[in-house]
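Residue-level structure breakdown
Okay, here's what each chain looks like letter by letter:
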Amino acid sequence: MTLVLGIESTAHTFGVGIASEDGVLININDTYTPPQGVGIHPRVAADHHVAVGPKLLSEALRRLGIGIRDVDAVAFSMGPGLGPALGRCYPARAIAIKFAKPLVPVHHGVAHVEVARWSVRFRDPLVLLVSGGHTMVIAHSGRTYGGVFGETIDMAVGNALDYFARSVGLPNPGVPHLEECAERGSKYIPLPYTVKGQDVSFSGLVEETLRLVKKGVALPDVCLSLVETAYSMLGEVVERGLALTGKKELLLAGGVARSKRLRSIMEWIANEFNAKLGIVPPEYAGGDNGGMIALTGGLLAYKSGITIDPTEAVTKQRWRLDEVETPWFGNEPWFNK
Ligand code: AMP
Ligand code: MG
C-alpha cells in the first residue's frame, strides 16, 4: 500500500489529507474566516495556516495511527493561489527534505476536478469547475484538461458573489447566505447577462447589483436576480459544451458545487441532454481540502512518476489548469481494481 500525505494551503484553508489505493483515508481542514465585511487578507490567511498547520498534521497521522516516516510521498498544492498562503506549504518541503520523501506538486484546480471525478467515478466528463478562484467549463483533451469551452474573463463566480455578499453585509461564506437571501426574493430584475463567445464575465453584473442596492431596491430581489443571472450564464456555456462535445457525463466541481440552486439548474440541463450529472460531495467540495491534494498527488500524479526537487519547488501564484499534464487520464487506478 502506498500512503501519500497531501497538504493544501492556496487560500483560506489549511488542509491535510492522506490517501492510499483505497482512496482518501483522512481529510481534515481548518478554514480561516475573515470578519464580516472583510475579504481574505493573504498574510492573515498565511498566519492562520502557520498557527493550525502542525496541529492538523499530527492529528491526521494520529487518526491513522502512523508516523511521518510511514508516508511514501508528500503532495502539496503548488498553485494557483495567494502568494503568502501558498508560501506556507513549507511543511511539505520540510518533510520531503528531512525525511527524504518524494515531493509531488499538485495544481489546485486539477485536484478539485480529480476528487470530483473519483467521487462519482466519471471517466471523461464535461466539467463545470466553480470555486472561489476558478470558473471554467472544461474537458480532457490530448495530454491536459485543455478542452476549455468557456471560462470567466474577469472574476471567478464564487469570488464575484462573495464580493457582493460582503459588500451588502451578508456573513461569510457569501454564496450560501446570498442564496438564502434570494429565497426571500420574489421579483426578477433584468441584469447585465454577459456571455461573450463561450466566456462569461461577472464584474458588470456585480457593479449593477451593488448600484441597485444603493438605490434602495429590496435586497432579496437583488439577490434573487443576481443568483439567477450568474447561474444562467454558466448554464448557457455548459449547454453549449454538452451540445458541442456530445458528452454524456456532466461533472460539477469546486466549492460552489454545494449550491442547491446551481445543482437544480445543472440537473435540468443534464436531463435535456440525456447526460448523467455528478456532483462532488460536500466533504470534498468543502471548499478546499487536503483530501483532494492527497488523492490527486498520491493516486494519480505520484503513481505517474510526477515529482519535483524540493529545492526547486517554487509556488506558482498564477498557473493555468489547462497547462498541467495529466498522464494518468484514462488509466485511473480506481477503474482497474
Ligand atoms: P473553494 O474555492 O472551492 O473553497 O470555494 C469557495 C466558494 O464556495 C466561495 O465562493 C463560497 O462562498 C462558496 N460556498 C461555500 N459554501 C457554499 C454552499 N453551501 N453553497 C454554495 N457555495 C458555497
Ligand atoms: Mg478551491
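A quick note: this is a predicted structure, and the numbers were derived from the prediction, not measured.

With that settled, the discussion passes to the pairing of strand 4 (residues 73-79). Summarising burial for strand 4: 7 of the 7 residues are buried, a large majority. In terms of strand pairing, strand 1 (residues 4-8) meets strand 4 through 4 bridges, oriented parallel. Counted as the bridge partner of Gly 6 is Ala 75 from strand 4. Summarising the sheet, strand 4 and strand 5 (residues 103-107) pair through 5 bridges and their orientation is parallel. Counted as the bridge partner of Ser 77 is Val 106 from strand 5.

Our focus in this paragraph is the coordination of the magnesium ion (ligand 2). Around the magnesium ion (ligand 2), the protein contributes the donor atoms His 108 (NE2), His 112 (NE2) and Asp 288 (OD), which lie 2.1 to 2.3 Å from the metal centre. Each donor residue of the magnesium ion (ligand 2) belongs to the same chain, and together they define the spacing H-x3-H-x175-D. Of the two residues, His 112 sits in helix 4 (residues 108-120) while Asp 288 sits in the loop between helix 10 (282-285) and helix 11 (290-301), which places them 176 residues apart along the sequence. On the basis of relative accessibility, which here comes to 8%, the residue Asp 288 falls in the buried class.

The local shell around ligand 1 holds 16 residues, among which Gly 132, Asp 162, Val 175, Gly 255 and Arg 258 are the closest. In this structure, an oxygen atom belonging to ligand 1 sits 3.3 Å away from a main-chain N or O atom of Gly 158. At 2.7 Å from an oxygen atom of ligand 1 is found a side-chain nitrogen or oxygen belonging to Asp 162. If ligand 1 stood free it would expose 500 Å²; the protein chains cover 89% of that surface.

By domain assignment, the protein separates into domain 1 (4-112 + 285-335) and domain 2 (124-281). Averaged C-alpha coordinates put domain 1 and domain 2 at centres separated by 26 Å. The partner domain 2 presents 24 residues to the 22 residues of domain 1 that form the contact. In total, about 1,800 Å² of surface goes out of reach between domain 1 and domain 2, with carbon and sulfur atoms giving 58% of it. For the pair domain 1 and domain 2, the interface holds 2 salt bridges. Where Arg 143 meets Glu 325, a salt bridge forms, and the shortest distance between an N and an O atom there is 2.8 Å. For the pair domain 1 and domain 2, the interface holds 8 residue pairs in polar contact (both at pLDDT 80 or more). Here the side of domain 1 that touches domain 2 is composed, by residue class, of 8 nonpolar, 10 polar and 4 charged.

This next bit is on the sheet that holds strand 4. The strand order 3-2-1-4-5 describes an open sheet built from 5 strands, whose pairing is mixed. What marks the edges here is a single partner per strand, and that holds for strand 3 (23-31) and strand 5. Recorded for the sheet is a direction-independent mean angle of 20° between the axes of neighbouring strands.

A full pass over the atoms with the stated rule returns 3 aromatic pairs. Arranged with centres 5.6 Å apart and planes meeting at 65°, the rings of Trp 118 and Tyr 284 form a pair that is edge-to-face. Here Trp 118 is found in helix 4, whereas its partner Tyr 284 is found in helix 10, with 166 residues between them in sequence. Summarising the burial analysis for this pair, Trp 118 and Tyr 284 share the class buried. Taking the centre distance of 6.3 Å and the plane angle of 55° together, the rings of Trp 334 and Phe 335 count as tilted. A cation over a ring is seen here: Lys 98 above Phe 99, with NZ or CZ 5.6 Å from the ring centre. Positioned above the aromatic ring of Phe 335, the side-chain terminus of Arg 123 is 3.9 Å from the ring centre.

Looking now at the nonpolar core. Core analysis: the biggest nonpolar cluster contains 109 residues, and Leu 5, Tyr 231, Leu 234 and Met 266 have the highest contact counts within it. When residues of this core are assigned to their parent elements, the largest contribution, 12 residues, is made by helix 8 (residues 219-245). Summarising the domain contributions, this core has at least three residues from each of domain 1 (4-112 + 285-335) and domain 2 (124-281).

Structurally, Thr 152 is set in the loop between strand 8 (144-151) and helix 5 (157-167). Sequence-wise, Thr 152 and Met 136 are 16 residues apart; in three dimensions their C-alpha atoms are separated by 6.7 Å. Those residues in contact with Thr 152 that lie beyond four places of it in its chain are Thr 135, Val 200, Ser 201 and Phe 202. A polar contact of 3.1 Å, which involves the side chain of Thr 152, links it to the backbone nitrogen of Asp 154.

Evaluated as defined, the whole model comprises 12 salt bridges. A salt bridge links Glu 21 to Lys 303, with the shortest nitrogen-to-oxygen separation between them at 2.5 Å. Here the residue Glu 21 occupies a position in the loop between strand 2 (13-20) and strand 3, and Lys 303 occupies one in the segment after helix 11, the gap between them amounting to 282 residues. Glu 21 gets classed as partly exposed once you look at its relative accessible area, which sits at 29%.

Mapping Ser 167 onto the fold places it in helix 5. Taking the relative accessible area as the measure of exposure, Ser 167 reaches 41% and is therefore partly exposed. Sequence-wise, Ser 167 and Leu 210 are 43 residues apart; in three dimensions their C-alpha atoms are separated by 7.9 Å. At 2.7 Å, the side chain of Ser 167 and the backbone oxygen of Tyr 163 are in polar contact.

Reading the values: the criteria
- Throughout, a residue's number is its position along its own chain's written sequence, starting from 1.
- Each chain gets a letter, beginning with A, and each ligand a number, beginning with 1, in the order they are written.
- Confidence filtering applies because this is a predicted model: local features only for residues at pLDDT of at least 70, side-chain atom pairs given and counted only at 80 or more, and all residues used for totals across whole chains, interfaces and linings.
- To get the side-chain values, take all heavy atoms of the structure and skip hydrogens and water.
- For the exposure calls, accessible area comes from a 1.4 Å probe over protein chains only, and a residue counts as buried if that area is under 20% of its type's maximum, exposed if over 50%, partly exposed in between.
- Only runs of H or I of at least four residues qualify as helices and only runs of E of at least two qualify as strands under DSSP, and these elements are numbered from the N terminus.
- Note: two strands are recorded as paired if DSSP finds a minimum of 2 bridges between them.
- Note on donors: an N, O or S atom is included if it sits within 2.8 Å of the metal, or within 3.2 Å for Na, K and Ca, and water is never included, so sites can look incomplete.
- Think of it this way: one heavy atom of a residue within 4 Å of a molecule or strand is enough to make that residue near it.
- In protein, a polar contact means a hydrogen-donor-capable atom and an acceptor-capable atom, both N or O and within 3.5 Å, with residues adjacent in sequence counting only if both atoms are side-chain atoms; elsewhere, any N or O pair within 3.5 Å suffices.
- Note that accessible areas follow from Shrake-Rupley with a 1.4 Å probe, and for residues the cover is restricted to the protein chains shown.
- Delimitation of the domains relies on an automatic or database domain assignment.
- Any two residues whose heavy atoms approach within 4.5 Å are treated as being in contact.
- The buried area of a pairing is the accessible area, by a 1.4 Å probe, that goes missing from both parts when the two are put together, added over both.
- Salt bridges are defined by distance alone: a side-chain nitrogen of Lys or Arg within 4 Å of a carboxyl oxygen of Asp or Glu.
- When residues are grouped by polarity, Ala, Val, Leu, Ile, Met, Phe, Trp, Tyr, Cys and Pro land in nonpolar, Asp, Glu, Lys and Arg in charged, and all others, Gly among them, in polar.
- Fitting a line to C-alpha atoms yields each axis, with helices limited to the stretch in contact; the angle taken between N-to-C directions then spans 0 to 180 degrees.
- By convention, a stacked pair of Phe, Tyr or Trp rings (six-membered ring in the case of Trp) has centres within 6.5 Å and planes under 30 degrees apart, an edge-to-face pair has planes over 60 apart, and any other such pair is tilted.
- Criterion for a charge above a ring: Arg CZ or Lys NZ at most 6 Å from the ring centre, at most 35 degrees from the ring normal.
- The term nonpolar core refers to a set of buried residues drawn from Ala, Val, Leu, Ile, Met, Phe, Trp, Tyr and Cys, joined through side-chain atoms within 4.5 Å.

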